[in-house]
Amino acid sequence: MQGKCLCGEVEFVVSGTLPNLYQCHCSLCRKATGSAANAALIAPSGNFQWVCGQEHIASYVGNNGYRSDFCSKCGSPLPNPLKGRAEYWIPAGLLEDNANLQIAAHLHVGSKASWDVIASSGVQYREAPDLDSLLKVLRENADAQPS
Ligand SMILES: [Zn+2]
Ligand SMILES: [Zn+2]
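Here we summarise the structure given alongside this text.

### Details of the pairing of strand 6 (residues 57–61)
Then comes step 1: Across the 5 residues that make up strand 6, only a small minority, 0, are buried.
Then comes step 2: In this sheet, strand 7 (residues 67–71) lies alongside strand 6 in antiparallel orientation, the contact comprising 5 bridges. Pairing of Tyr60 across the sheet is with Ser68, part of strand 7.
Then comes step 3: Connecting strand 6 to the next strand, strand 7, in antiparallel fashion are 5 residues, including Gly65 with a positive phi near 95°.

### Describing the sheet that holds strand 11 (residues 103–107)
Then comes step 1: With mixed pairing, the 6 strands of this open sheet are ordered in space as 9-10-4-3-11-12. Edge strands, defined here as strands with exactly one partner in the open sheet, are strand 9 (80–81) and strand 12 (123–124).
Then comes step 2: Two elements, strand 4 (residues 38–44) and strand 10 (residues 87–91), share 5 bridges in a ladder whose sense is antiparallel. What sits directly across from Ile42, in strand 10, is Trp89.
Then comes step 3: Together, strand 3 (21–24), strand 4, strand 11 and strand 12 form the strand contacts of helix 2 (residues 131–139), whose direction differs from that of strand 11 by roughly 150°.

### Some details on the sheet that holds strand 5 (residues 48–52)
Then comes step 1: With antiparallel pairing, 3 strands are arranged side by side in an open sheet as 1-2-5. In the strand order of this sheet, the two ends are held by strand 1 (2–4) and strand 5, each with one partner. The average undirected angle you get between the axes of adjacent strands in this sheet is 30°.
Then comes step 2: Note that strand 1 and strand 2 (residues 11–14) share 3 bridges and pair antiparallel. The residue bridging Gly3 from the neighbouring strand is Phe12, located in strand 2.

### Things to note about the nonpolar core
Generally speaking, a soluble globular protein has its nonpolar side chains buried in company with each other.
Then comes step 1: Formed by 21 residues in total, the largest nonpolar core has its most connected members in Leu21, Tyr22, Ala40, Leu41, Ala43 and Ile90.
Then comes step 2: Of all the secondary structure elements, the ones that give two or more residues to this core are strand 2, strand 3, strand 4, strand 10 and strand 11.
Then comes step 3: With 5 residues, the single largest contributor to this core is strand 4.
Then comes step 4: Aside from chain neighbours lying at most four places away, what touches Ala43 is Val14, Leu18, Pro19, Phe48, Glu87, Tyr88 and Ile90.
Then comes step 5: In terms of nonpolar packing, the next biggest core, distinct from the first, is built from 7 residues, Val10, Phe70, Cys71 and Leu95 among them.

### Digging into the pairing of strand 10
Then comes step 1: Strand 10 sits mainly inside the fold: 4 of its 5 residues count as buried.
Then comes step 2: As paired elements, strand 9 and strand 10 share 2 bridges and run antiparallel to each other. Residue Pro81 lies in a different strand from strand 10, and its bridge partner there is Tyr88.
Then comes step 3: Turn length for the strand 9-strand 10 hairpin, with the two strands adjacent in sequence and antiparallel, is 5 residues, and the turn residue Gly84 shows positive phi of about 70°.

What counts, and where the lines are drawn
- Residues numbered from 1 in each chain as written.
- Chains lettered and ligands numbered in written order.
- Predicted model: local features only at pLDDT ≥ 70, side-chain atom pairs only at ≥ 80, totals over all residues.
- Buried ≥ 20, exposed ≤ 12 C-beta atoms within 10 Å, placed from the backbone.
- Helix = DSSP H or I, 4+ residues; strand = E, 2+ residues; numbered from the N terminus.
- Pairing = 2+ DSSP bridges.
- Contact = placed C-beta atoms within 7 Å.
- Axes fitted to C-alpha atoms, helices over the stretch in contact; angles between N-to-C directions.
- Core = buried A, V, L, I, M, F, W, Y, C linked by C-beta atoms within 7 Å.

Next up, the structure:
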């Protein structure tokens, strides 16, 4: 599966069976995306590879540890490695082919924007489960997808 930013300078590939997506509706993800929620997937680092454009990756890390990497040319959010883990966080909207992807979890629905109407698919969490529990939920039924 190929992915690229808005201007196309930064490209990457994700191999293997892709897990399902999650959306985070928290206030930080709203700021980072300018939208209702962040839609992303989390893949093993071994399945992730940059193709080109790494010199355009800029990074913002807030006082609370919230990290957002983005393309310095076009501002698209970009994948980044999860701190202390062997996984990459990957913005779903960058993927070139998303026919078989679906949202399996919604995080921080307790603090969503008042105008945010959440789709009916996926488990809804008031806050967020721990990462390993979330990864388990995202992998359920993902194996059934044609890759
Ligand atoms: Zn770009
Ligand atoms: Zn969030």
